[in-house]
Amino acid sequence: MHQDDCVFCKIVKGELPCARVFETDDVLAFLDIAPVAPGHVLVIPKAHHRNLFDLPEAVGGRLFAALSPVGAAVMAATGAAGLNVQINNNAAAGQVVFHAHAHLIPRHEGDGLRLWSGRPYADAAAAQAMAEAVRAAVARGR
Ligand code: 5GP
Ligand code: ZN
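Keep in mind that this is a model prediction, so the values were computed, not measured. (Residues numbered from 1 in each chain as written. Chains lettered and ligands numbered in written order. Predicted model: local features only at pLDDT ≥ 70, side-chain atom pairs only at ≥ 80, totals over all residues. Heavy atoms only, no water.)

**Q** Describe in detail helix H3 (residues 124-140), supporting the description with residues and values.
**A** Given a rise of 1.5 Å per residue, 17 residues ought to cover 24 Å, and the 24 Å separating the end C-alpha atoms of H3 matches this to within 8%. Downstream of H3 by one or two residues, Gly141 has phi in the positive range, about 95°. (Helix = DSSP H or I, 4+ residues; strand = E, 2+ residues; numbered from the N terminus. Expected span 1.5 Å × (residues − 1).)

In structure tokens, the structure reads:
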């Protein structure tokens, strides 16, 4: 269930401190040690799973169920007008801690945090080809 070299497992086991804000039998939420904005919270399953792709559906469901109440509490406590929920999966997506977690990032109008800027597909055919590629992968199961 826990992995010896995992920083979040150590937090779950109480071997490392954290500023806990919410806890159930399966889920723990605590302040990110290096917040993008004050009140930035991490919500994790207590059991060790690498990321989204390794989360059993029931565990993911319990993690997701915590996002709304904890996210609302983060907004209330920080006076935020919005909230970003982010899950980084694999190093290429910025995952640094390989124990699944969701970031709750409180947002304020004009806070200057930038997410990403979109660019349209070259044309309708390119979008259609991409949708077809994803549909086929979904049908294959990956
Ligand atoms: P990732 O990039 O893997 O999605 O995010 C990992 C997050 O965990 C980072 O935002 C980082 O600040 C946070 N973090 C890393 N180590 C610790 C720690 O020991 N305690 C806490 N509270 N947060 C941590
Ligand atoms: Zn872990």
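**Q** So what about the pattern of salt bridges? Which residues, and what values?
**A** Under the definition given, this model contains seven salt bridges. We note a salt bridge from Glu23 to Lys46, for which the minimum N-O separation is 2.7 Å. Of this pair, Glu23 sits in strand S1 (residues 20-23) while Lys46 sits in the loop between strand S3 (41-45) and helix H2 (57-78), and the two are 23 residues apart along the sequence. Taking the relative accessible area as the measure of exposure, Lys46 reaches 12% and is therefore buried. (Salt bridge = Lys/Arg side-chain N within 4 Å of Asp/Glu carboxyl O. Buried < 20%, exposed > 50% of the residue type's maximum accessible area, 1.4 Å probe, protein only.)

**Q** Break down the nonpolar core for me, with residues and values.
**A** Counting 14 residues, the largest nonpolar core has Val41, Val43, Val70 and Leu104 as its most contacted members. Of all the elements in the fold, those that place two or more residues in this core are strand S2 (27-31), S3, H2 and strand S5 (102-107). Among the elements that take part in this core, H2 stands out by supplying six residues, more than any other. Sequence-distant contacts of Leu104, that is, excluding residues within four places in its chain, are made with Gly39, His40, Val41, Val43, Leu67, Val70, Gly71, Leu83, Asn84 and Val85. If you look at the next biggest cluster of nonpolar residues, it comprises eight residues, including Cys6, Cys9, Ile11 and Phe30. (Core = buried A, V, L, I, M, F, W, Y, C linked by side-chain atoms within 4.5 Å. Contact = heavy atoms within 4.5 Å.)

**Q** Tell me what's going on with the coordination of the zinc ion (ligand 2), and back it up with residues and numbers.
**A** Listed as protein donors to the zinc ion (ligand 2) are Cys6 (SG), Cys9 (SG), His48 (ND1) and His99 (ND1); their distances from the metal cover 2.0 to 2.3 Å. Between the four donor atoms coordinating the zinc ion (ligand 2), the angles at the centre fall across 106 to 115°, so the site counts as tetrahedral. We note that the donor set of the zinc ion (ligand 2) lies within a single chain, spaced as C-x2-C-x38-H-x50-H. Taken together, the residues Cys9 in helix H1 (residues 7-13) and His99 in the loop between strand S4 (82-86) and S5 connect sequence positions 90 residues apart. His99 carries the same exposure label as Cys9, and that label is buried. (Donors = N, O, S within 2.8 Å, 3.2 Å for Na, K, Ca; no water. Tetrahedral: all angles 85-135°; square planar, octahedral: opposite > 155°, others 65-115°.)

**Q** Mind laying out the packing of aromatic side chains, listing which residues take part and the relevant values?
**A** What the rule picks out here adds up to one aromatic pair. Both rings, one in Phe8 and one in Phe30, keep their centres 5.5 Å apart while their planes meet at 80°; by these two values the pair is edge-to-face. Placement of the pair is Phe8 in helix H1 and Phe30 in strand S2, with a sequence separation of 22 residues. (Phe/Tyr/Trp six-rings, centres within 6.5 Å; stacked < 30°, edge-to-face > 60°.)

**Q** Talk me through the environment of Ile87; I want residue IDs and the actual numbers.
**A** Counting through the fold element by element, Ile87 comes out in the loop between S4 and S5. Along the sequence, Ile87 and Ser117 sit 30 residues apart, while their C-alpha atoms lie 18 Å from each other. Excluding residues that lie within four positions of it along the chain, Ile87 makes contacts with His101 and Ala102.

**Q** Tell me about the site of ligand 1, and please be specific about residues and values.
**A** Near ligand 1 you find 16 residues, and of these Asp32, Gly94, Val96, His101 and His103 are the closest. Here a nitrogen atom of ligand 1 sits 3.3 Å away from a polar atom, N or O, in the main chain of Ile33. At 2.7 Å, a backbone N or O of Gly94 approaches an oxygen atom of ligand 1. Bound to the protein, ligand 1 loses 81% of the 520 Å² it would expose on its own. A breakdown of the residues in the shell around ligand 1 according to their chemical character gives 10 nonpolar, five polar and one charged. (Near = heavy atom within 4 Å. Polar contact = N/O pair within 3.5 Å; in protein donor to acceptor, adjacent residues only side chain to side chain. Areas by Shrake-Rupley, 256 points an atom, 1.4 Å probe, with all protein chains shown as cover. Nonpolar A, V, L, I, M, F, W, Y, C, P; charged D, E, K, R; others polar.)

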